[in-house]
Amino acid sequence: HWCKGHNRFPDYNRKAFETKPADNYYNKVFLMLGLSERHGYKYLVSVDDDMLLPPATLAHLLNGGPEADEKGCGVLAPLLQN
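Residues numbered from 1 in each chain as written. Predicted model: local features only at pLDDT ≥ 70, side-chain atom pairs only at ≥ 80, totals over all residues. Heavy atoms only, no water.

A. Local environment of the environment of Ser 36. Relative to the helices and strands, Ser 36 is located in helix 2 (residues 24–39). Once you skip the residues sitting within four places of it in the chain, Ser 36 turns out to touch Tyr 41 and Leu 44. (Helix = DSSP H or I, 4+ residues; strand = E, 2+ residues; numbered from the N terminus. Contact = heavy atoms within 4.5 Å.)

B. Region of the structure containing the layout of surface pockets. Roughly 1,100 Å³ of volume is contained in the largest pocket. In terms of lining, the largest pocket is formed by 26 residues, of which the most central are Leu 44, Val 45, Ser 46, Val 75 and Leu 76. Among the elements of the structure, helix 2, helix 3 (55–63) and helix 4 (65–70) are those that each provide at least two residues to the lining of the largest pocket. Here the lining of the largest pocket takes five residues from helix 2, the largest share from any one element. Per-class residue counts for the lining of the largest pocket are 18 nonpolar, three polar and five charged. (1 Å grid on protein atoms, 1.4 Å probe; cavity = no way out; pocket = protein on both sides within 12 Å on 5 of 7 lines; lining within 4 Å. Points joined across faces, edges and corners; volume = space filled by probe spheres on them. Nonpolar A, V, L, I, M, F, W, Y, C, P; charged D, E, K, R; others polar.)

C. Representation of the packing of aromatic side chains within the structure. Tallying each qualifying case throughout the model produces four aromatic pairs. Summarising the aromatic geometry, the rings of Phe 9 and Tyr 12 are spaced 5.7 Å apart at their centres and angled 35 degrees between planes, so their arrangement reads as tilted. Both rings, one in Tyr 12 and one in Phe 30, keep their centres 5.7 Å apart while their planes meet at 25 degrees; by these two values the pair is stacked. Of the two residues, Tyr 12 is situated in the segment before helix 1 (14–19) and Phe 30 in helix 2; the sequence distance between them amounts to 18 residues. Residue classification places Tyr 12 among the partly exposed residues on the basis of a relative accessible area of 28%. For Phe 30, a relative accessible area of 6% gives the class buried. Grouping aromatic residues by their ring pairs yields a cluster made of Phe 9, Tyr 12, Tyr 25, Tyr 26 and Phe 30. (Phe/Tyr/Trp six-rings, centres within 6.5 Å; stacked < 30°, edge-to-face > 60°. Buried < 20%, exposed > 50% of the residue type's maximum accessible area, 1.4 Å probe, protein only.)

Geometric values such as these leave the question of function open.
Following this line, the structure appears as structure tokens:
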């Protein structure tokens, strides 16, 4: 990602584009969405580098995507609060 990169995706969130044109978080999220659309991906997975999950748990979470999609859920996220 580019630090202080300019948001090039105004169609995803016009307000964020106008009020936070160089926000790292929005820039990364919108870039991921833009690349997913460009490559025709149906699903997108984004995981922090400090998130530790056993492979089977991660696989189970990822396998929940199609079912969540069928139910109209836009996001499938684990509850990792302690």
